[in-house]
Structures are given as C-alpha cells and as structure tokens.
Amino acid sequence: MSTTVLISGAGIAGPALAYWLSHHGFHPTVVEVAPALRTGGSAVDYRGPVHLGLLERMGVLDRLRDVQTGGTAMRFVDERDRVLMEMPADFAGGDLEVARGDLSRILCEASGERTEWLFGDSVTSLTETAAGVDVTFRSGRRRTFDLVVGADGVHSTVRRLAFGPERDHVRHLGYYVAGWSMPDGPGPTRNYNVPGRLAALGGGQAFLAFSSPRQIGYDRRDVTAQKRILRDRFAGLGWEVPRLLAALDDATDLYFDQICRVDVRPWSRGRITLVGDAAAGATIGGMGNGTALVAAYALAGELAAAGGDHTVAFPRYEKLVGDFARRAQRGGNTTGRFLAPRTAHGIRMRNWLHNQQWFLGMVMKIAGDRSAKIDLPAYSGLSAASPRPPR
Ligand SMILES: Cc1cc2nc3c(=O)[nH]c(=O)nc-3n(C[C@H](O)[C@H](O)[C@H](O)COP(=O)(O)OP(=O)(O)OC[C@H]3O[C@@H](n4cnc5c(N)ncnc54)[C@H](O)[C@@H]3O)c2cc1C
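Reading the values: rules and limits
Residues numbered from 1 in each chain as written. Predicted model: local features only at pLDDT ≥ 70, side-chain atom pairs only at ≥ 80, totals over all residues. Helix = DSSP H or I, 4+ residues; strand = E, 2+ residues; numbered from the N terminus. Buried ≥ 20, exposed ≤ 12 C-beta atoms within 10 Å, placed from the backbone. Pairing = 2+ DSSP bridges. Axes fitted to C-alpha atoms, helices over the stretch in contact; angles between N-to-C directions. Contact = placed C-beta atoms within 7 Å. Core = buried A, V, L, I, M, F, W, Y, C linked by C-beta atoms within 7 Å. Parallel < 35°, antiparallel > 145°, perpendicular 65-115°, else oblique. Left-handed = near helix turned anticlockwise from the far one by under 90°. Nonpolar A, V, L, I, M, F, W, Y, C, P; charged D, E, K, R; others polar. Expected span 1.5 Å × (residues − 1). Arc of directions from axis to C-beta.

Novice: Would you mind going over the environment of Leu 55 with me for this structure?
Specialist: Mapping Leu 55 onto the fold places it in helix α2 (residues 48-57). With 25 C-beta atoms counted inside 10 Å, the residue Leu 55 sits in the buried group. Residues Leu 55 and Gly 290, spaced 235 residues apart in sequence, show a C-alpha to C-alpha distance of 9.8 Å.

Below, the structure is given as structure tokens:
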C-alpha cells in the first residue's frame, strides 16, 4: 500500500493535498524551495458552493472569513482619476476574497503537525523503481517515497523532471503581471491603462500588467532583473506610475510572471502525478486557487478509495477533475486582453462592454458555472492507517 507521499510546493495545492492525505491516513512530506512560507501575492478568491464547501470541510472557512478582504471594487480611471468604468467587488473577489499569503498560511496550519515540512530545499532527481520513487534533493538529502506529487506551480520542477521540458507544456499567453504590497487609502482599486499596459493600486497592493507577445528571457530567481523589466516597460507613464515604480524599488514580496497556460496529458506518469497549477494552471483569471482545492481533495480521496493503489487512483483522479480544471483555465485566456487591451480602441470597447449590466451578469454567470460544475464524492480514509515510517 502506498502511504508515504512527497509533495513538492507549499503554495495552495500542496498544503491542501497534505491536509487531505493525512486526513485519510497517508504520511505526507512537503518540500518547499523558499526558506519559509511565501507570503506574497495579491488577493485571491473563491466562488460558489464547491469551493466554499471544501473550505468548510477542511475546517478553515471561518478562519478565512476572519481575514477576508471583503473584496474591492475595480475602478478604471483616466490620467486625472476620472472614472471610465467601474465593476463591483464580487467581479474579481468572488464570494470570499483573501490575501494569498493568509490563505497559504492557514492551509499549512490546517495540515500542520501531521505533515513533515522541508523548507529551503528542492527535488533535483526522481528515479522510479518497482518499490517507490528515489528522490535526491538540492541539500544532498536522499529519500524514497511511495508517491511523488508536483504541486510546485506553473513552472513545476517535478513536471520538468518527470514529464519533460517546460516548453512542451506551458504556452505563453502574451502578457506579464506583477504585484507587490503597497499601502494605499481605502476605496476601490484604481486601474489606469495606456495601450498594452495597466497600472493599479488598491487593497494594499500595487499591480502592473503589460503586453508582450514574445516571452522575455530572464532568471526567475533574479528579482532585480524583474524590477528592471518593469521599470523599463512603465518608464515615462503618468498617473500614479512614478509613485508605484518608486515603491517597487523597496518591494520585498514582488510576484512577477507571464500569463501562461499549462497543458499536460496525462497528469500522471507511474508513481508521479501533478496537482494545481503544475497540472492545469492559467497564472491569473483561471480560478487556480479553487481548482487547486478541488484537485487536492479528489487526488487524496481517490488514493484512499483505491487503498493507496496509484495505478487505480491516478487515472480516476484525472477523469474526475480534468474537464473541470480545463473549463476553469479558459478564464485565463482573456485575462491579459481584459487588463491591458493593446489599442486605445480596445480600451474604449472594454470599458463600454463592462459598463453594461447584461455583460457583467453574463461574465459572472459563466465564472459561477465553471466553479461549480463538478460532483465530488465523499471519501472515507484508508481502512488501516499504517504507522508513520522512520525518517
Ligand atoms: C508568491 C506567489 C504569488 C502569487 N500571487 C498571485 C496573485 O497575486 N494572483 C493570482 O491570481 N495568483 C497568484 N499566484 C498563483 C496562485 O497562487 C496559483 O495560481 C494558485 O494558488 C494555484 O496554487 P498552486 O499551489 O498550484 O501553485 P502556487 O501557488 O504557485 O504554489 C507553488 C509553490 O511551489 C513552490 N515551488 C516552486 N518550485 C519549487 C521547487 N522546485 N521545489 C519546491 N517548491 C517549489 C513555490 O515557491 C510555491 O510556494 C501566486 C503564486 C506565488 C507562488
């Protein structure tokens, strides 16, 4: 019976999976490349009965409600802060909006002591044998696990090691986004566009988005280079942009990434599988947080239902969640164009459309339907939870 599971990544999918695996009697170990929990990222949202129902079943819904942002309306303004278009708080904030850092912390605390946590380390090789997966880590550690799960985001290392290079699975969608903490007064998030660029401030966050049909080459660990890219792209713009760029210099929690879409078929190879953005991410606008929760629940549940037999559980997991995840991902296809249309005409059209109640209602309905269109079974745990193996 497979009971030891290595999860790479302590974002959202990783801690949620650890929670459900230990709940069912498995022994999860989470390895996270960052030296401590990453607290960056703007607000992320949950919507509909499936997302909220799972948070409730995990016992974290009330704690999340305690720290929820309450959502922030999105106001699109011109250079002199005159309102061009405004959207209600639940458009971006769903039914429950929380800071990503709070969410990640609360999910980690929920899976807490029943999970082994290895911060500041990363998987460097995976060798599958008949008995398990031999894993080497950057620290030099070597361990063997029954199963390995990549929950390490759109640029997953587990996916690269087990499924091949990123270019085979990740499609650039023509835009980059960046966010960092930046206190501001209360009120709606103010968004300012010029063709192909967006600058925004509100809810304690600065946010930039820009069009770049081609991928930009940069080192993802080099924050100085990312700040330089942003300064170059936004140099010379008016409105609050100079103030945002000045604050960027001191930002310690910058999130910077391309908008991209992950497509992997199938999600599993032997004893190794993927969950969350690593399997079906869309960076932003594709309900990545909700899908991560659903997928983590289903993966752990199917493993429990199959008595730990991954050859049965992994295909069932993908059959149950695959279409749901891909429908949610579609939202990410248009996020860049919505945030930063490439022409002045495109900006005017976006504003006009989103000022129409019927259009807003339609977009919200599509999002609501996508978040709820799945029947999740109730799972019971392994019949005889095995004792935790020696480390
Ligand atoms: C710092 C950060 C900020 C974000 N901010 C936003 C935001 O503002 N808006 C938004 O919509 N989405 C944001 N996201 C993405 C969003 O969190 C995900 O789309 C969604 O939550 C799905 O979660 P996930 O757990 O699959 O992936 P993620 O939340 O991306 O988590 C992946 C985790 O894996 C870790 N990791 C990466 N490589 C390795 C490795 N080699 N070994 C071990 N661990 C590794 C990462 O450090 C991270 O903790 C952010 C992600 C991160 C990491």
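Novice: Could you clarify how one ought to interpret the sheet that holds strand β5 (residues 83-87) in this entry?
Specialist: The strands making up a sheet associate through backbone hydrogen bonding, with each pair oriented either parallel or antiparallel. Here 7 strands make up an open sheet; going across it, the order is β5-β4-β13-β14-β15-β12-β16 and the pairing mixed. This sheet does not close on itself; its edge strands, each paired only once, are β5 and β16 (255-262). On average, each strand axis in the sheet is tilted by 20° relative to the strand beside it, whichever way the strands run. Judged from the 4 bridges that link them, strand β4 (residues 74-77) and strand β13 (residues 189-194) form a sheet pairing that is parallel. Residue Val 77 lies in a different strand from β13, and its bridge partner there is Tyr 192. On top of the sheet, helix α8 (residues 241-250) reaches β12 (170-181), β14 (197-202) and β15 (205-211); it is set at about 75° to β14, its chief contact.

Novice: Looking at this structure, I do not really get unusual backbone geometry. What am I missing?
Specialist: Comment: phi is negative for the bulk of residues other than glycine, and the bulk of peptide bonds are trans. Here the bond from Arg 265 into Pro 266 is cis, since omega is -15°, no more than 30 degrees from zero. Here Pro 266 is to be found in the loop between β16 and β17 (268-269). The phi dihedral of Trp 239 falls on the positive side, at around 55°, and the residue is not glycine. Position of Trp 239 relative to the elements: it lies in the loop between α7 (223-234) and α8. Residue classification places Trp 239 among the partly exposed positions, given that 19 C-beta atoms sit within 10 Å. Located in the positive-phi region is Thr 283, a residue other than glycine, with phi close to 60°. Following the sequence through the fold, Thr 283 ends up in the loop between α9 (277-280) and α10 (288-305).

Novice: How should the nonpolar core be read in this particular structure?
Specialist: If you look at soluble globular proteins, the nonpolar side chains tend to sit buried side by side. Counting residues in hydrophobic clusters, the biggest one holds 101 residues, and the most contacted among them are Ala 16, Leu 17, Val 148, Val 275, Ala 279, Ala 295 and Ala 296. The biggest single contributor to this core is α10, with 11 residues. The contacts of Ala 296, once residues within four sequence positions are left out, are Ala 13, Ala 16, Leu 17, Trp 20 and Val 275.

Novice: Which parts of the structure should I look at to understand the packing of helix α1 (residues 13-23) against α10?
Specialist: The packing of two helices is summarised by the inter-axis angle and the distance between the axes. Between α1 and α10, whose axes approach to 8 Å, the crossing angle comes to 30°. Taken together, the axis directions place α1 and α10 in an arrangement best described as roughly parallel. Once α1 is placed against α10, the crossing between them reads as right-handed. Residues Ala 13, Ala 16, Leu 17, Trp 20 and Leu 21 of α1 form the contact with α10, whose participating residues are Ala 292, Leu 293, Ala 295, Ala 296, Tyr 297, Leu 299, Ala 300 and Gly 301. Looking at the contact of α1 with α10 residue by residue, the class counts come to 12 nonpolar, 1 polar and no charged.

Novice: Teacher, can you tell me more about the sheet that holds strand β9 (residues 133-137) here?
Specialist: Spatial ordering of the open sheet is given by β8-β9-β10, a layout of 3 strands whose pairing is antiparallel. Two strands bound the open sheet, and with one partner strand each, they are β8 (123-128) and β10 (142-145). For this sheet, the mean inter-axis angle between neighbouring strands, taken without regard to orientation, is 25°. Of the strand pairs in this sheet, β9 and β10 are connected by 4 bridges, and their pairing is antiparallel. Bridge pairing in β10 places Thr 136 opposite Arg 142.

Novice: Mind showing me how you'd approach helix α5 (residues 100-111) here?
Specialist: In an α-helix, one full turn covers 3.6 residues, which means residues spaced three or four apart are oriented alike. Helix length check: α5 (12 residues) gives 17 Å between terminal C-alpha atoms against 16 Å at 1.5 Å per residue, within 8%. Taken as a whole, α5 has its buried residues at Leu 103, Ser 104, Leu 107, Cys 108, Ala 110 and Ser 111. Summarising the axial view, the buried residues of α5 lie within an arc of 160°, below the 170-degree limit, and thus occupy one face. Contacts made by the buried residues of α5 are with α1, β3 (43-46), α3 (61-67) and β6 (96-99).

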